[in-house]
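This is what each chain is made of:
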Amino acid sequence: MAIWFSRSRKIAHFLKPKISPSEFLYKICPNYSNSSSFRTLSGENCRNPQAFSDYSTTILSFRRRWWRPESTRAGEQVETPYSDDDYEDENQVLDFPGGRVTFTPEMKFISETSDKRIPCYRVLGDDGYPISGSKFEQVDKETAVKMYESMVTLQIMDNIFYEAQRQGRISFYLTSLGEEAINIATAAALTLDDVILPQYREPGILLWRGFTLQEFANQCFGNNADYGKGRQMPIHYGSNKHNFFTISSPIATQLPQAAGVAYSLKMDKKEACVVAFTGDGGTSEGDFHAGLNFAAVLEAPVLFICRNNGWAISTPISEQFRSDGVVVKGQAYGIRSIRVDGNDALAVYSTIRAAREMVIREQKPVLVEALSYRVGHHSTSDDSTKYRPINEIEYWRTARNPLVRFQKWVHKNGWWTDDDESELRGSIRKQLLTAIQVAEKTEKPPLAEFFSDVYSHLPSNLHEQEKSLRETIKRHRQDYPTDVPL
Amino acid sequence: MLGVIRQRVTCRGIPTSTLEQGMRVVASRAFSSSAKEMTVREALNSALDEEMSADPRVFLMGEEVGEYQGAYKISKGLLEKYGPDRVVDTPITEAGFTGIGVGAAYYGLKPVIEFMTFNFSMQAIDHIINSAAKSNYMSAGQISVPIVFRGPNGAAAGVGAQHSQCYAAWYGSIPGLKVLAPYSSEDARGLLKAAIRDPDPVVFLENELLYGESFPISAETLDSSFSLPIGKAKIEREGKDVTITAFSKMVGYALQAAGILAKEGISAEVINLRSIRPLDRSTINASVRKTNRLVTVEEGFPQHGVGAEICASVLEDSFEYLDAPVERIAGADVPMPYAANLERMAVPQVEDIVRAAKRSCYRSSSLAATA
């Protein structure tokens, strides 16, 4: 059937316009009008010859993707994404690939800016009181306290590990200061089944899911207990059991990968989605376009979260893009999107809960732009005072601090006291210092881990190389570091 | 059986009598009882079909693989048989669909990603190397990537510089990748099946000009469970005077050269590498230890090429056995020109291989490369 099919398509191609493809099909398939419908190149639903119905249903099962139909029967439509009411006067409408459009004699350019920026969803005022008229999902005491405690833990962890790098104890670190609300509120709104594809400023998700301070320290020190077996730079965490994909340095590669993971996740039919993060800088990468476009076309259940923190190392967003931020890009891909105040833990929580629900229920992607500010330097390799004013950093670190705002709300509900605060901070600090000491003293990964995991099974050439290396070390022990267990 | 080969060979205008001796060796290796023939295209198509049928996690993705039946018709009939969920036509973004494929592999599917030509894989090379090849190692075994990247590689005919590069050396240098280069239909079937079943990322380098070429095929090869081991080269023709290594299209040239050399009393051993990474160093070295002379043949650029690696390996393992310097035949060190006469000069020809073998056997007046 397939061969006949392709032949008939060839014939149709060679036909002069005097016989339209639909007429031709009518001639060869008399029971043309009786069958299941499919969407044509022009985006309209067309009647489909019975002979082709088997073929087309398999195509239909994945709906309208890059469909190049065998017939186009213009003028006949049942259902389009754009309502029929728009086209009252048949004369005002044109058919083109992609659907019907009204035409206009007026030449009008769409402005590159709109007079009003997309507003930002916010719930908590700076004073910790919910803004009047705000709609949000209520958070119970247990969740709220856990959220606040996690935000504090993340903040202290960042400060202490940063110091450790400055002291030369670890080679590198990257903080999430200023973005604690995005990290923790998002994590709280998801479930453990949701698969996370992070950029690198989202360790709060791991923290929420139960990754211990010791496990964080182990990865940063690259010791034997590190789940990554010392293969990666610090902060490149990854954990299968926490459904958190190992962090990969190239920017935005996780975005098309997320669409692929979602493609696979769909088959599991779980009550779960894929959550992929990127920063404002990552939206400039080609992978951002490919990832969002594909997710929309493939109808992949991915929640894209963009942490727009204003800076990509030294590049401010005014030099990153000229659009109204990232939220407006969603519609360009046919993706529902929202802008939220990333420093408002309650707003982020509500937004992610709603977005996740949409993604899972409708099995299509959603884009969330969380506005925030990168309080810390890009990483320990950066000194941001070189390219931005110190008072700007200080302002965001203090007056616009997400922890302070959320703490006021938790405190007002009677769920948190100043004593709890100092006790928590003291305890976390102690735990961290202990974790670092333990991690520092723990052995480094042994020699066998140098060659493992390159492939699923150790190939013979690497086996030989390992043997040869062990021989060499035995003979020239003094030339090799003493802290490598053999 | 030999009648089939004789027929095929005569069509190419090569006197059958002289080739028969060599071909007999090939015949006895290539097939047992059946005299069936199969083109490389059919071999790849049937391999894909059988693997997709056997494992529902295998799916094909790329430009024109579905509706169009494949840019080179390799995936003909697959969309109709398996539906658009398993044969996915993509928009034009190599970076996009390679990234998606890798993501799907991260989460347990077994994608086969087709590049219209490996030249276009450069637009996705970050995903191939940083997202696929290194992931198992960097995640300490938590993320395995059972993906296959396939498509035509190397020069075609009259397609110019941006469509003619050979990527064997580039991908062959990456730990974490496996790189295969089939020549015959048996190679195509066996190696593609092995690649799809393999838990590691595999780069599968086909050749556009070989797609239409027909090879005899045994009943064993036609069985759906058939596969070839990754990392094993094949001795296409046994000999005792000089070893000629080649892969992909150059294997055919090497065999022709061996036929010509036989007339002049030089018995050449032709090795079809089949696997660029891992390279079958033991087969190559065993052969060199027998013949004491080596000619490496490849279509790609000479610097840092496959021949350079083979040469280094032989020097390391079999230095005392060499009676002559290693001869390296490669493509010209220029971007591939379009004009037919220039193109011909940019790619190795059979005569280049014959002259190199003779030089290596001291059969020319001097050892100069122009001899």
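Chain B has the name Pyruvate dehydrogenase E1 component subunit beta in an unreviewed UniProt entry, where Forsythia ovata is given as its organism. Looking at the Subunit (unreviewed entry) heading of the UniProt record, one finds this comment for chain B: "Tetramer of 2 alpha and 2 beta subunits." Recorded in UniProt under Subcellular location (unreviewed entry), the annotation for chain B is "Mitochondrion matrix".

In the annotation of an unreviewed UniProt entry, the entry for chain A reads 3-methyl-2-oxobutanoate dehydrogenase (2-methylpropanoyl-transferring), and the organism field reads Forsythia ovata. The heading Sequence similarities (unreviewed entry) in the UniProt record of chain A holds the text "Belongs to the BCKDHA family."

Draft legend 1. Broad picture of the overall build of chain A. Along chain A, the regular secondary structure elements total 17 helices and 11 strands. Of all 486 residues assigned to chain A, the portion counted as buried reaches 50%. Residue pairs at least 24 apart in sequence account for 69% of intrachain contacts in chain A once pairs closer than 6 positions are excluded. Total accessible area on chain A stands at roughly 23800 Å², and carbon and sulfur atoms take up 53% of it.

Draft legend 2. Highlighting the overall build of chain B. When you go through chain B residue by residue, the secondary structure sums to 15 helices and 14 strands. For chain B, with 371 residues in total, the buried portion stands at 61%. For chain B, the computed accessible surface area is about 13600 Å², with 54% contributed by carbon and sulfur atoms.

Draft legend 3. Representation of the UniProt feature "domain: Dehydrogenase E1 component" (unreviewed entry) in chain A within the structure. Those residues carrying the UniProt feature "domain: Dehydrogenase E1 component" (unreviewed entry) are residues 149–446 of chain A in this numbering. Taken end to end, residues 149–446 of chain A has its terminal C-alpha atoms 36 Å apart, with 48% of it in helix and 11% in strand.

Draft legend 4. Structural context of the sheet that holds strand E10 (residues 336–341) of chain A. Residue and element names in this part refer to chain A. Spatially, the 5 strands line up as an open sheet ordered E5-E6-E7-E11-E10, and their pairing is parallel. A single partner strand is all that each edge strand has here, and the edge strands are strand E5 (195–197) and E10. When strand polarity is set aside, the average angle formed by the axes of neighbouring strands in this sheet is 20 degrees. Examined bridge by bridge, strand E7 (residues 302–308) and strand E11 (residues 366–371) share 6 bridges and lie parallel to one another. Looking across to E11, one finds that Cys-306 is bridged to Glu-369. Across the sheet, helix H12 (residues 345–362) lies against E7, E10 and E11, angled at about 165 degrees from E10, the strand it touches most.

Draft legend 5. Structural detail: the pattern of salt bridges. Residue and element names in this part refer to chain B. Counting across every chain of the model gives 52 salt bridges over all chains. In this structure, Lys-290 and Glu-269 form a salt bridge, with 2.6 Å as the shortest nitrogen-oxygen distance. Here the residue Lys-290 occupies a position in helix H12 (residues 281–291), and Glu-269 occupies one in strand E11 (residues 268–272), the gap between them amounting to 21 residues. Residue Lys-290 is classed as partly exposed on the basis of its relative accessible area, which comes to 43%. On the basis of relative accessibility, which here comes to 1%, the residue Glu-269 falls in the buried class.

Draft legend 6. The arrangement of the interface of chain B and chain A in detail. Across the boundary between the two partners, chain B contributes 43 residues, which contact 49 residues of chain A. Here chain B and chain A share an interface that buries about 4100 Å² over both sides, 58% of which is from carbon and sulfur atoms. Contact with chain A buries area across many residues of chain B, yet B:Glu67, B:Tyr107 and B:Tyr137 alone supply 21% of it, more than any other trio. Here chain B and chain A share 0 salt bridges between them. At the junction of chain B and chain A, the tally comes to 14 residue pairs in polar contact (both at pLDDT 80 or more). Put simply, the parts of the chain that give the side of chain B that touches chain A at least two residues each are helix H4 (78–82), strand E3 (87–89), helix H5 (94–106), helix H6 (125–133) and helix H7 (135–138) of chain B. The residue inventory of the side of chain B that touches chain A, partitioned by class, reads 21 nonpolar, 13 polar and 9 charged.

Draft legend 7. Structural detail: a nonpolar patch on the surface. Taken together, the side chains of A:Leu94, A:Phe96, A:Val101 and A:Phe103 present a nonpolar region at the surface, about 340 Å² in accessible area. Note that A:Phe103 resides in the loop between strand E4 (99–102) and helix H4 (141–166).

Draft legend 8. Quick peek at the pairing of E11(A). Residues and elements named next belong to chain A. Most of E11 sits out of view: 5 of its 6 residues are buried. Bridge count between E10 and E11: 6 bridges; the pairing is parallel. Within E11, the residue paired with Ser-337 across the bridge is Leu-367. Once the chain exits E10 it traverses H12 before rejoining the sheet at E11, and the crossover so formed is right-handed.

Draft legend 9. Expanded view of the sheet that holds strand E10 (residues 242–246) of chain B. Residues and elements named next belong to chain B. The strand order E9-E11-E10-E13-E14 describes an open sheet built from 5 strands, whose pairing is mixed. Lying at the two open borders of the sheet, with one neighbouring strand each, are strand E9 (234–237) and strand E14 (327–329). For this sheet, the mean angle separating the axes of adjacent strands, direction not counted, is 25 degrees. Examined bridge by bridge, strand E13 (residues 294–297) and E14 share 3 bridges and lie parallel to one another. Pairing of Val-295 across the sheet is with Glu-327, part of E14. In this fold helix H15 (residues 350–360) packs onto E10, E13 and E14, with an angle of close to 175 degrees to the strand it touches most, E14.

Draft legend 10. Representation of the side chain of A:Glu369 within the structure. Positionally, A:Glu369 belongs in strand E11. Side-chain polar atoms of A:Glu369 contact the backbone nitrogen of A:Val326, separated by 3.0 Å.

Draft legend 11. Quick look at the packing of H4(A) against helix H14 (residues 402–412) of chain A. Residues and elements named next belong to chain A. The interhelical angle for the contact between H4 and H14, taken along N-to-C directions, is 155 degrees, at an axis separation of 10 Å. Here H4 is positioned roughly antiparallel relative to H14, judged by the angle of their axes. Crossing of H4 over H14 shows left-handed handedness. Packed against H4, whose contacting residues are Ala-144, Met-147, Tyr-148, Met-151, Val-152 and Gln-155, the element H14 presents Pro-402, Leu-403, Phe-406, Gln-407 and Trp-409 at the interface.

Draft legend 12. Here's a closer look at the nonpolar core. Counting 75 residues, the largest nonpolar core has A:Val274, A:Val302, B:Phe149, B:Tyr171, B:Val203 and B:Leu273 as its most contacted members. In terms of residues, this core owes the most to one element, helix H8 (residues 254–268) of chain A, which gives 7 residues. What B:Tyr171 contacts, discounting residues up to four positions off in sequence, is B:Phe118, B:Ser121, B:Ile125, B:Ile128, B:Ile129, B:Leu177, B:Val179, B:Val203 and B:Arg277. Residues A:Phe211, A:Val275, A:Tyr349 and A:Leu424 belong to the second largest nonpolar core, which totals 73 residues.

Draft legend 13. Quick look at the packing of aromatic side chains. Evaluation of the coordinates by the stated rule reveals 23 aromatic pairs over all chains. Ring centres of A:Tyr373 and A:Trp396 lie 5.0 Å apart, and the angle between their planes is 5 degrees; this geometry places the pair in the stacked category. Residue A:Tyr373 is found in the loop between E11 and helix H13 (390–398), and its partner A:Trp396 is found in helix H13; the two are separated by 23 residues along the sequence. Each member of the pair, A:Tyr373 as well as A:Trp396, carries the same accessibility label: buried. Aromatic pair B:Tyr72 and B:Tyr211: ring centres 5.7 Å apart, planes at 45 degrees, arrangement tilted. Of this pair, B:Tyr72 sits in the loop between strand E2 (58–62) and H4 while B:Tyr211 sits in the loop between strand E7 (202–206) and strand E8 (214–217), and the two are 139 residues apart along the sequence. Taking the relative accessible area as the measure of exposure, B:Tyr72 reaches 23% and is therefore partly exposed. Classification of B:Tyr211 as buried rests on a relative accessible area of 1%. Feature note: the residues B:Phe97, B:Phe115, B:Phe118, B:Phe149, B:Tyr167, B:Trp170 and B:Tyr171 constitute an aromatic cluster, connected by ring pairs. Geometry around A:Tyr129 places A:Lys412 over its ring, the cationic atom sitting 4.6 Å from the centre.

Basis of the calculations
- Residue positions are given per chain, counted from 1 along the sequence in the order it is written.
- Numbering of ligands from 1 and lettering of chains from A proceed in the order in which they are written.
- Owing to the predicted nature of the model, reporting of local features is limited to residues with pLDDT of at least 70; listing and counting of side-chain atom pairs is limited to 80 or more, with chain, interface and lining totals taken over all residues.
- Side-chain metrics in this entry use all non-hydrogen atoms of the structure; hydrogen atoms and water are not considered.
- UniProt positions are given in the numbering used here, feature names are shortened, and annotations may be inferred rather than shown by experiment.
- In DSSP terms, a helix is any run of H or I states spanning at least four residues, a strand is any run of E spanning at least two, and both are numbered starting from the N terminus.
- Each residue is placed in one exposure class: buried if its accessible area under a 1.4 Å probe, protein chains only, is under 20% of its type's maximum, exposed if it is over 50%, and partly exposed if it falls in between.
- Working rule for contacts: check all heavy atoms of both residues, and any pair within 4.5 Å makes them a contact.
- Exposure was quantified through the Shrake-Rupley algorithm and a 1.4 Å probe, taking into account, for residues, occlusion by the shown protein chains and nothing else.
- Paired strands, as defined in this entry, are two strands with at least two bridges between them according to DSSP.
- Between N-to-C directions, angles span 0 to 180 degrees; the directions come from axes that are lines fitted to C-alpha atoms, helices contributing only their stretch in contact.
- Put simply, a salt bridge is a Lys or Arg side-chain nitrogen that is within 4 Å of an Asp or Glu carboxyl oxygen.
- Buried area, as used here, totals the accessible surface that two parts lose on assembly, with accessibility defined by a 1.4 Å probe and the loss added over both.
- We define a polar contact as two N or O atoms separated by no more than 3.5 Å, with the added condition that, inside protein, one atom must be a possible hydrogen donor and the other a possible acceptor, whereas residues neighbouring each other in sequence contribute only through side-chain atom pairs.
- The classification used treats Ala, Val, Leu, Ile, Met, Phe, Trp, Tyr, Cys and Pro as nonpolar, Asp, Glu, Lys and Arg as charged, and all other residues, Gly among them, as polar.
- Distance thresholds for patches are 9 Å for like charges and 5 Å for nonpolar side chains (Val, Leu, Ile, Met, Phe, Trp, Tyr), applied to residues having over 30% relative accessible area and no salt bridge.
- Classification remark: right-handed applies to a crossover when, strands pointing away from the viewer, the course from the first strand over the helix to the second runs clockwise.
- Convention used here: angles under 35 degrees read as roughly parallel, angles over 145 as roughly antiparallel, angles from 65 to 115 as roughly perpendicular, and any remaining angle as oblique.
- The sense of a crossing depends on the near helix, which, turned anticlockwise from the far helix by less than a right angle, makes the crossing left-handed and, turned clockwise, makes it right-handed.
- We call a set of buried residues a nonpolar core when its members are Ala, Val, Leu, Ile, Met, Phe, Trp, Tyr or Cys and they connect through side-chain atoms within 4.5 Å of each other.
- Each Phe, Tyr or Trp ring, with Trp reduced to its six-membered ring, pairs with another whose centre is within 6.5 Å; inter-plane angles below 30 degrees give stacked pairs, above 60 give edge-to-face pairs, and intermediate values give tilted ones.
- Two conditions define a charge located above a ring, namely a distance within 6 Å from the ring centre to NZ of Lys or CZ of Arg, and an angle within 35 degrees of the ring normal.

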